[in-house]
Amino acid sequence: MVSFERGCDGQRSDDITIEGVELRDRRLSIHYAHATGCGEHRYRVCGAERILRTDPGLWTVSVIHRIEREDDDAECTAERLGVLQADIPRGRDLVGLESLEGRNFTIVVVDD
């Protein structure tokens, strides 16, 4: 389980591609792929500070992937696949996936 944050727009991320997103109640299951760099991998799931005021609303969510590298680490070239899970805060109902691009995806939301 990864914590869900807001307002992380513009933060640096190592390469990661979102392969798919499953929505269930207030839980996101995010399927991802990336090359494995050597070192410890850290992930964060961040919703944009603002939800677009369309009807229904559109909310952009990003996955931030960071590899903590040692100075003497060599590049590793295998691919890593996985699933991150994050619960979104109360106040929003997830309706469906609108679009998916790179490390970002947009979901359709409605207020509780």
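Residues numbered from 1 in each chain as written. Predicted model: local features only at pLDDT ≥ 70, side-chain atom pairs only at ≥ 80, totals over all residues. Heavy atoms only, no water.

Asker: Sorry, what's going on with the pairing of strand 8 (residues 104–111) here?
Answerer: Pairing geometry for strand 5 (residues 57–68) and strand 8, over six bridges, is antiparallel. Bridged to tryptophan 59 within strand 8 is isoleucine 107. Of the pairings in the sheet, the one linking strand 7 (residues 92–101) to strand 8 comprises eight bridges and is antiparallel in character. Counterpart to aspartate 93 in the pairing with strand 8 is valine 110. (Pairing = 2+ DSSP bridges. Helix = DSSP H or I, 4+ residues; strand = E, 2+ residues; numbered from the N terminus.)

Asker: Help me understand the nonpolar core in this model?
Answerer: Inside soluble globular proteins, nonpolar side chains tend to come together where they are buried. In terms of nonpolar packing, the biggest core is built from 22 residues, with Phe4, Leu28, Ile30, Trp59, Phe105 and Ile107 touching the most fellow members. Among the secondary structure elements, those contributing two or more residues to this core are strand 2 (17–24), strand 3 (27–35), strand 4 (40–47), strand 5, strand 6 (79–87) and strand 8. Leaving out residues up to four positions away in the same chain, isoleucine 30 has contacts with Ile18, Gly20, Val45, Val63, Gly82, Val83, Leu84 and Phe105. (Core = buried A, V, L, I, M, F, W, Y, C linked by side-chain atoms within 4.5 Å. Buried < 20%, exposed > 50% of the residue type's maximum accessible area, 1.4 Å probe, protein only. Contact = heavy atoms within 4.5 Å.)

Asker: I'm lost on the environment of glycine 7 in this one. Help?
Answerer: Here glycine 7 is to be found in the loop between strand 1 (4–6) and strand 2. For glycine 7, a relative accessible area of 38% corresponds to the partly exposed category. Separated by 39 residues in the primary sequence, glycine 7 and cysteine 46 have C-alpha atoms spaced 6.8 Å apart. Setting aside its immediate chain neighbours within four residues, glycine 7 contacts Gly47, Ala48 and Glu49.

Asker: Whenever I open this one, the sheet that holds strand 1 confuses me. Can you help?
Answerer: Strands in a sheet are paired, the pairing made by backbone hydrogen bonds, and the direction either parallel or antiparallel. Strand order in this open sheet of five strands is 1-4-5-8-7, and the pairing throughout is mixed. Strand pairing shows two members of the sheet lacking a second neighbour, strand 1 and strand 7, which therefore form its edges. The mean angle between the axes of side-by-side strands here comes to 35°, regardless of whether they run parallel or antiparallel. (Axes fitted to C-alpha atoms, helices over the stretch in contact; angles between N-to-C directions.)

Asker: Mind showing me how you'd approach the sheet that holds strand 2 here?
Answerer: Judged by pairing direction, the sheet is antiparallel, and its three strands sit side by side in the order 2-3-6 without closing on themselves. Unpaired on one side and paired on the other, strand 2 and strand 6 mark the two borders of the sheet. Direction aside, neighbouring strands of the sheet carry axes that sit 15° apart on average. Pairing of strand 3 with strand 6, which is carried by nine bridges, proceeds in the antiparallel orientation. Among the inter-strand pairings, leucine 28 is bridged to a residue of strand 6, identified as alanine 86.

Such coordinate-based values are descriptive only and should not be taken to indicate function.
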